[in-house]
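Observations on the model geometry
In case you want the letters, here they are:
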Amino acid sequence: MKRINLSLFEIEVFLQVDRLRSFRGAAEALGMSQPAVSRAVARAEARLGVRLFDRNTRTVEPTPQGREFAAIAGRLIGDLRSSLDDLGDYFRSARGRVAVAGLPSVTAGLLPPVIDRFRRSHPGVSVGVIDTLLDGVVGAVLSGEADLGIAGRPAPDGKVDFTRILSDRFVAILRQDHPLARSGAVTWADLAGHPFVAMSRITSVRPLTDRGFAQAGVAVEPEFEVSHLATAGALVAAGLGVTALPVLTLPVLAHPALTTRLLQGPEVTRDIGVLTRAGRTLSPAAAAFRDTVIASGTDPTARA
């Protein structure tokens, strides 16, 4: 079957002639000469192998084939304009989908208000969330499962770019009736004197708590090692120990029996930032979401 090879220009010229029933009128509307309009219609007729207009010195009327082509061409141009509008929306980040991977503490403590702010400014963009540990965040970004990640700073390997957005300070997590809760601030050495609930070694938190104790010059053998923040909070709430966690983890704990105190000697923080695959351009929607996340690190009201 021979393929019809018409240009968009020829279709648009034909539709103008059909609408105005005048070659001269179509030429004026298109800003062309009348001979150029006639040539474009003639090329369309030659490529289609049919006559599109019956014309004389006074009238221009579409043939039956011309009327059928006008209906099809009108739908074609309408679909094209609609598709171009969709493409424009995509380029303006007005449509699309963003997948973001984040640490559980980030997806609970940082992302909800950020997503709310983003969706109010980009109602046509959907956001998917993957909550996982640091290695999972990096893996999702590298595989393309996630457009971007929000996590602590990964080990530099050239595969992932990291843009810092905030520092997340560690605090002591205590049961409200714990003796250390009577103090305004707690040191790492203070925590070492009580059963300690540590996060698993596969978490991004554990190296930082180990560093806090090491810099305080104390050795701690954890009473418990857990993989989930809620478990750590439940053990502390039950009076089975104390722990140290970043501030962003607090929404995950949310237990009425718990309280927090500033943790000093030393002050330990973790950098939280946006992870993207090195050398890859983000979609417009993902880039807009990244910008919203970065703004949340400098605007306190974004996390309020």
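This text gives an overview of the structure that appears in the document. Numbering of residues begins from 1 in every chain and follows the order in which that chain's sequence is written. With the structure being a predicted model, the display of local features is reserved for residues of pLDDT at least 70 and the display and counting of side-chain atom pairs for 80 or more, all residues being used for whole-chain, interface and lining totals. Where side-chain values are given, they derive from all heavy atoms of the structure, hydrogens and water being excluded.

Moving on to the overall build of the protein chain. Helical segments are the DSSP runs of H or I of at least four residues, strand segments are the runs of E of at least two, and each set is numbered from the N terminus. Scanning the protein chain from terminus to terminus reveals 12 helices and 12 strands. Taken against the 2.2 N^0.38 rule, which gives 19 Å for 304 residues, the C-alpha radius of gyration of the protein chain at 32 Å runs more than 25% over that of a compact globule. C-alpha extents for the protein chain along the principal axes are approximately 105 × 35 × 30 Å. Per-residue accessibility, obtained with a 1.4 Å probe over protein chains only, is compared with the maximum for each type, and a residue is labelled buried under 20%, exposed over 50%, and partly exposed between these values. In the protein chain, buried positions account for 42% of the 304 residues. Values of the radius of gyration come from C-alpha atoms, whereas the globule rule sets the reference at 2.2 Å times the count of residues to the power 0.38.

Turning next to the side chain of Thr203. Within the secondary structure, Thr203 sits in the loop between β8 (197–199) and α9 (206–215). Contacts: residue pairs with any heavy atoms within 4.5 Å of one another. With residues near it in sequence (within four places) discarded, Thr203 still touches Leu133 and Ser227.

Among the 7 residues in strand β3 (residues 96–102), 5 count as buried, and that is most of the element. As paired strands, β3 and strand β5 (residues 148–152) are joined by 3 bridges and run parallel to one another. Counterpart to Gly102 in the pairing with β5 is Ile150. Strand pairing is assigned whenever DSSP identifies at least 2 bridges connecting the two strands.

Whenever Lys or Arg places a side-chain nitrogen within 4 Å of a carboxyl oxygen from Asp or Glu, that contact is recorded as a salt bridge. Tallying each qualifying case throughout the model produces 16 salt bridges. For Asp177, the salt bridge is made with Arg175, and the minimal N-O distance between the two is 2.9 Å. A relative accessible area of 52% means that Asp177 is categorised as exposed. Residue Arg290 pairs with Asp291 through a salt bridge whose shortest N-O separation is 3.3 Å. According to the relative accessible area criterion, Arg290 is partly exposed, its value standing at 27%. Among the charged side chains, a network of salt bridges with common partners joins Arg201, Arg206, Asp210 and Glu225.

Buried within helix α10 (residues 229–237) we find Leu229, Ala232, Gly233, Leu235, Val236 and Ala237. Phi for Gly239, located one or two positions after α10, is positive at around 80°.

This part is about the environment of Ile11. Positionally, Ile11 belongs in helix α1 (residues 8–20). Residue class for Ile11 comes out buried when judged on its relative accessible area of 6%. Measuring from C-alpha to C-alpha, the distance between Ile11 and Val41 comes to 8.4 Å, with 30 residues separating the pair along the chain. When near neighbours in sequence (up to four residues on either side) are disregarded, Ile11 contacts Leu6, Phe69, Ala73, Leu76 and Ile77.

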